[in-house]
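# Remarks on the overall topology
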Amino acid sequence: MKPRVLTTLLICSSILTTTVTPAIAATTQSNAPTSAKVKKSAKTKAATAESSVADSAFMDLQFRHGQLTDVKGHTAWNKVGEPKSGTDTEVPGNLLTLDGKSAFYTTFSDAQFNELKNGMAIEAYFKYDPAADSNGEHEIFSSQQSGGLGLGVAHGKVIFYAHDGHGYKQPAGTLRAGKWVHAVGVIDKNKTASLYLDGKLVQSVAMPGDLQLAQGTKDFVLGGDARPGGDHVQSQMTGKIKDARLYNHTLTAEQIQSLNREVTAETHETDGTNVVVPAEQTVGTMLVGAKEAAVGHTYGLNVHARQVKYGDQGKLTLDVVFNPDLMYFVDADRTLGGNQTTVKQVANGRLRITSTAKLSPNEFKQYAKTRLAHINLHTKKKAGVAQIRFEQVTKDSTIQLGKALSVKVNGKYALDYNGDGIIGVGDIVKAPDAQKAAVANKAEIKPYKHVVVLTTDGGGNAWSPDGMYYAHGTETPVWTSDPAIMKKRNNPYLMDLFNNKFAMSTSAKAVAPAISAQNYISMLHGRPWETLPTEYQGTNGTMGQEYFADFGKQRQLFPSVFKVLQKNNPTQGAAAFSEWGPIVNSIVEPDAAVKTKQSASLKSFDDVADYIGTSEFDSTSMVYMQSDYMDGQGHGRGWYNDNYWNQYSQYDKLFKKVMDQLEKTGHIHDTLVIANADHGGAHTNHGPNDAPDRDIFIAMGGETVDSGRRLHGGSNSDITALVLDALQVPRAPHMFNSNVFDKSAFLKQTELGKKDRDVEKLHLRRKGQQATIDMSNLRDKRQLRALDMQIDLGNQKVANVKAAKGVKVLRQTVENGTLKLTLSFKKQPTGKLVTVNFKKAAKNAGRVTVQKAMAATTNGTEVLVDLANHDKSKAAKPASQQPAKPAKPAKPTKPAKQKPTKKKGLAHLLHRLGF
């Protein structure tokens, strides 16, 4: 195995990229002139001129002056669509550019086809557009129809198709989308079909029968495949083609290597940032992580490696080094090749990654094939800028590889004394006396500090007390209210939780199609999947392989709810736990400041409950969780049948574990819990736009939720809006289709008394030009020490505020007719707190009411109190309720002459009447 040394560093936003090269190339300068890197020696040029394997081609296609020409003169070519002449910075000269709707075709004679029957080879030098579909089949150079042969792309692979009368033999290798690929397919006399990529044999497949030609067509196509019936072309590709040749004889491995040297001699690849990659380099690496992190939170770092050139990659060893005074190593997971990749801490702040896994040439966006490991670091309780970098330890020294990746570790706000990431009344209690007024001036009233979203994959619409879906075996589920069948749903805890303690919609819908990836993208990015550009419409397949489409872009168009939250408050963290990998691997962006974990089956609820019990949760804005088990039951044995409902009974204890932990930690009072399903199902699958597949539930529980209310409507794309609205964070512009779908779910604080909560109650009692404020339902177990409130003045003007003995007014400001009044007291008050005196009553005076208030206990815990407004003032009646004085009858006047006017219509009439 040849040793490799890291030599070059490339940086793009929060993504740190390096390259790995052989030791003999360690002195290569990354800033050397391009001409020096691509120039051929005179000796090489002379050798090429004397003898070329390409000279033996039966057909040699070149694109010149907008027309495809066979320089051998054996074929004439016709265009379909608009194939264009183009250029590429990585290769010299003109080339063919194809848009997926264009191609060239020629029609072979029988004699020409017979040339291929005794051994042949097909060659193409092409670049496949990385934004194009590489999962469906698209052809590069082909003549196939129930037979035939050709080079194509499918499922992220380059494939040589060769039909031997019994079926297609398909040797294949990995497609390097966005990179120049030299592909040669060979059928030899040993009855073998082989594919060579970039001069290397990647696979050979036995081909027992003789080559069977395409049926119903004699066309050969460049940029697509043959199609019978006069249309000539189908399965077109998107990308560029530089060279294409057909040989009427086999080629040896040495000849193919010679062809590869010729076509790549003047090629200089770039990494997408206009930085030239030296030809000697064999492996490229990348660090992907958030640019910022909060103190006391987990920082996720993805370490990638990919094969840049084919060759002996050997054993990869590199170090990731970070500041041990700001971060410490927790663990690593999601390693490439399982135990073929290891991450070991060899010193404080130094991790050694060792991998014998086979590296892929795919781009770094293809995380499933390029990510060596996901590393969890934890920030200490110290702010600063952490440096993360690659290093290579050699025999004589340690080489730092380029500029370090900087991660800003944000400390808590200076006035955040209770450490929850929010400045509120609780911080007043914890603050020194000299700082209490400063805290009061910044304090906000936020009923929710956290949102926990619990998604049951495949959970459908399961919790209505009026009925349920049921199926016999794998038959189509039907809605039933048959009491005997409804007894099969054995979930007393969840039926009570969602129907009595939460507010729930049983008329909510999954986004279309009712498939997991489409719905998780909608939930977490706040946009219905079908409204996204095609590039962003991830599927179960693509999200299992590549990052969300914003990856690596300077301007990210559709950031997730996690990124919006982090931007709004960089001192708070977030977490995501998922049993289905694509959620935490790609739908949640790899450079979002989120703790992620791929949970074991039926363990995601445990992971959430454990996380709530940590100090990390205290300053966490959002936790997202997905449980995959019910989806597996549906796919395995069918939806809504006896097995399905029997397995669903387990979820009582799972949800209860999370709710009990919230209760135990006291966070039940400052957390909004949202429960939903991504989709339902029918038979053993899901996706159609029908009721069993798209019907889901959305339930919400929290201090301000109107418990027991039946909600209407809702979609999975609304989850983001529910989260942001609860945390009082504005939505990003692209989230305009995400909404709080039924606002009746939430009560105003003035309405919370109807919930009969066991909390303290604030009273505002007004009579005349004076209002007093006091508290009731006080208790000995928790002593109040501060109170923050917002009072709607009803157009009254405040003359003064007089505090009772032992009460201190920390803030007294009026904004937009609202009095913000913040108090502190040394001991729990038992009587009047303050008296607010008003100036002479305004003519349009209305009720004076406390609209919002939050109290704080001795340990800084915040309490959303009940409100009781008592206004006995005559001036308190709204203007619309005050009896109008009868107007004096006007003296009759002689009507004035008026010009005829056009009829204004109903809208004008309503406007004139004051509507």
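Definitions and limits used
Residues numbered from 1 in each chain as written. Predicted model: local features only at pLDDT ≥ 70, side-chain atom pairs only at ≥ 80, totals over all residues. Heavy atoms only, no water. Helix = DSSP H or I, 4+ residues; strand = E, 2+ residues; numbered from the N terminus. Buried < 20%, exposed > 50% of the residue type's maximum accessible area, 1.4 Å probe, protein only. Contact = heavy atoms within 4.5 Å. Areas by Shrake-Rupley, 256 points an atom, 1.4 Å probe, with all protein chains shown as cover. Pairing = 2+ DSSP bridges. Polar contact = N/O pair within 3.5 Å; in protein donor to acceptor, adjacent residues only side chain to side chain. Core = buried A, V, L, I, M, F, W, Y, C linked by side-chain atoms within 4.5 Å. Salt bridge = Lys/Arg side-chain N within 4 Å of Asp/Glu carboxyl O. Axes fitted to C-alpha atoms, helices over the stretch in contact; angles between N-to-C directions. Parallel < 35°, antiparallel > 145°, perpendicular 65-115°, else oblique. Left-handed = near helix turned anticlockwise from the far one by under 90°. Nonpolar A, V, L, I, M, F, W, Y, C, P; charged D, E, K, R; others polar. Phe/Tyr/Trp six-rings, centres within 6.5 Å; stacked < 30°, edge-to-face > 60°. Lys NZ or Arg CZ within 6 Å of the ring centre and 35° of its normal. pLDDT = per-residue confidence, 0-100.

### Here we look at the overall build of the protein
Scanning the protein from terminus to terminus reveals 20 helices and 52 strands. The 915 residues of the protein split such that 56% are buried. Put simply, 70% of the contacts in the protein that link residues at least 6 apart link residues at least 24 apart. Here the protein displays about 39,700 Å² of accessible surface, and carbon together with sulfur accounts for 49% of that area.

### Quick word on the sheet that holds strand β47 (residues 807-815)
Read across the sheet, 5 strands follow the order β47-β48-β45-β50-β51 without closing on themselves; strand pairing throughout is antiparallel. The outermost strands of the open sheet, each flanked by one partner alone, are β47 and β51 (862-863). The sheet contact formed by β47 and strand β48 (residues 818-825) spans 8 bridges and is antiparallel. Across the sheet, residue Val814 finds its bridge partner in β48, namely Leu819.

### Details of the side chain of Asp591
Position of Asp591 relative to the elements: it lies in the loop between α13 (581-587) and β38 (595-598). Judged by relative accessible area, Asp591 falls into the buried class, the value being 15%. A polar contact of 3.3 Å, which involves the side chain of Asp591, links it to the side chain of Gln556. In terms of polar contacts, Asp591 uses its side chain to reach the side chain of Lys563, at 3.0 Å.

### Things to note about the nonpolar core
Within the largest apolar cluster, 98 residues are counted, with the highest numbers of intra-cluster contacts made by Phe498, Leu524, Phe562, Tyr624, Tyr651, Ile674 and Val723. Apart from residues lying up to four places away in sequence, Val723 is in contact with Val451, Val453, Val561, Leu565, Met622 and Ile674. With 43 residues, the next largest nonpolar core counts Leu68, Phe108, Met120 and Ile241 among its residues.

### Re the pattern of salt bridges
Scanning the entire structure with this criterion turns up 42 salt bridges. The salt bridge involving Arg710 is made with Asp466; its shortest N-O contact spans 3.7 Å. On the criterion of sequence distance, the pair formed by Arg710 in strand β42 (residues 710-711) and Asp466 in the loop between β33 (450-456) and β34 (468-470) is long-range, its members being 244 residues apart. By relative accessible area, Arg710 is classed as partly exposed at 27%. Note on Asp466: relative accessible area 52%, which makes it exposed. We note a salt bridge from Asp607 to Lys597, for which the minimum N-O separation is 3.1 Å. Separated by 10 residues along the polypeptide, Asp607 in helix α14 (residues 604-612) and Lys597 in strand β38 bring together distant segments of the chain. We classify Asp607 as buried; its relative accessible area is 11%. One salt-bridge network, in which partners are shared between bridges, spans Asp319, Arg350, Arg352, Arg389 and Glu391.

### Considering the packing of helix α12 (residues 561-568) against helix α19 (residues 719-726)
The N-to-C vectors of α12 and α19 enclose an angle of 15 degrees; their axes lie 10 Å apart at closest approach. The orientation of α12 with respect to α19, classified from their angle, is roughly parallel. Crossing of α12 over α19 shows right-handed handedness. In this structure, α12 contributes Val561, Val564 and Leu565 to the contact, and α19 contributes Thr720, Val723 and Leu724. Residue composition of the contact of α12 with α19, grouped by class: 5 nonpolar, 1 polar and no charged.

### Description of the environment of Gly526
With respect to the secondary-structure elements, Gly526 resides in the loop between α10 (516-525) and α11 (540-543). Sequence-wise, Gly526 and Ile719 are 193 residues apart; in three dimensions their C-alpha atoms are separated by 7.1 Å.

### Considerations on the packing of aromatic side chains
Evaluated as defined, the whole model comprises 30 aromatic pairs. Their ring planes at 65 degrees and their centres at 5.4 Å tell us that Phe141 and Phe220 sit as a pair that is edge-to-face. Note that Phe141 is positioned in strand β10 (residues 138-144) and Phe220 in strand β18 (residues 219-222), a separation of 79 residues in sequence. Considered together, Phe141 and Phe220 belong to a single accessibility category, that of buried residues. The residue whose ring lies beneath Arg306 is Phe364, and the NZ or CZ to ring-centre distance is 5.5 Å.

### Things to note about the sheet that holds β42
Strand order in the open sheet formed by 8 strands is β38-β37-β39-β33-β40-β41-β36-β42, and the pairing between neighbours is mixed. Since the sheet does not close on itself, it has two edges, and those belong to β38 and β42, each with one partner.

### Details of α19
Taken across its 8 residues, α19 has 7 buried, putting it largely inside the fold. Ile719, Thr720, Ala721, Leu722, Val723, Leu724 and Ala726 are the residues of α19 that are buried. Looking at the buried side of α19, the elements it contacts are β33, α10, α12, β39 (620-627), β40 (671-677) and β41 (695-701). At the exit of α19 stands Gln728, carrying a positive phi of roughly 60 degrees.

### Describing the pairing of β33
Within β33, 7 of the 7 residues are buried, leaving the element largely enclosed by the surrounding structure. What you see with β33 is no split at all: His450, Val452, Leu454 and Thr456 on one side and Val451, Val453 and Thr455 on the other are buried throughout. Pairing of β33 with β40, which is carried by 7 bridges, proceeds in the parallel orientation. Its bridge partner lying in β40, Val452 is registered against Val673. Where β33 meets β39, 6 bridges bridge the pair, whose relative direction is parallel. In the sheet register, Thr456 faces β39, and the bridge partner there is Ser627.

### A word on α10
Buried residues dominate α10, accounting for 10 of its 10 residues. By the burial criterion, the buried members of α10 are Ser516, Ala517, Gln518, Asn519, Tyr520, Ile521, Ser522, Met523, Leu524 and His525. Directly after α10, the chain includes Gly526, whose backbone phi takes a positive value near 65 degrees.

### Things to note about the packing of α14 against helix α17 (residues 651-665)
Across the interface, α14 lies against α17 with an axial gap of 9 Å and an inter-helix angle of 5 degrees. Relative to α17, the element α14 is oriented roughly parallel. Residue-level contacts link Phe605, Asp606, Val608, Ala609 and Ile612 of α14 to Tyr651, Leu654, Phe655, Lys657, Val658, Gln661, Leu662 and Thr665 of α17. Across the contact of α14 with α17, the residue classes break down as 9 nonpolar, 2 polar and 2 charged.

### Focus: the pairing of strand β45 (residues 784-792)
Along β45, 7 of the 9 residues are buried, which leaves the element largely enclosed by surrounding structure. Two strands pair when backbone bridges link them, and β45 and strand β50 (residues 849-857) are joined in this way by 8 bridges, in the antiparallel orientation. Bridge assignment links Leu787 to a residue of β50, and that residue is Ala855. In this sheet, β48 lies alongside β45 in antiparallel orientation, the contact comprising 7 bridges. By the bridge assignment, Gln790 is partnered in β48 with Lys820.

### Brief notes about unusual backbone geometry
Pro513 follows Ala512 through a cis peptide bond whose omega is -5 degrees. Tracing the chain through its elements places Pro513 in the loop between β36 (503-509) and α10. For Arg334, which is not glycine, the phi torsion reads 50 degrees and is therefore positive. In this fold, Arg334 is placed in the loop between β26 (327-333) and β27 (341-347).

### Comments concerning the side chain of Asp695
Mapped onto the elements, Asp695 comes out in strand β41. Within the local environment of Asp695, its side chain forms a polar contact with the side chain of Tyr469, the two groups lying 2.6 Å apart. Once you skip the residues sitting within four places of it in the chain, Asp695 turns out to touch Gly460, Asn461, Tyr469, Ala508, Lys509, Tyr640, Gly680 and Asp690.

### Points about the confidence of the model for the protein
Detail in the predicted coordinates should be disregarded across regions flagged by low pLDDT. Per-residue pLDDT for the protein averages 87, and the proportion of residues at 70 or more is 86%. Below a pLDDT of 50 lies the segment residues 1-16, which in the model reaches 76 contacts outside its immediate sequence neighbourhood of four places, other chains included. Note on residues 878-915: pLDDT is under 50 here. Beyond four places in sequence and across chains, it has 4 contacts.

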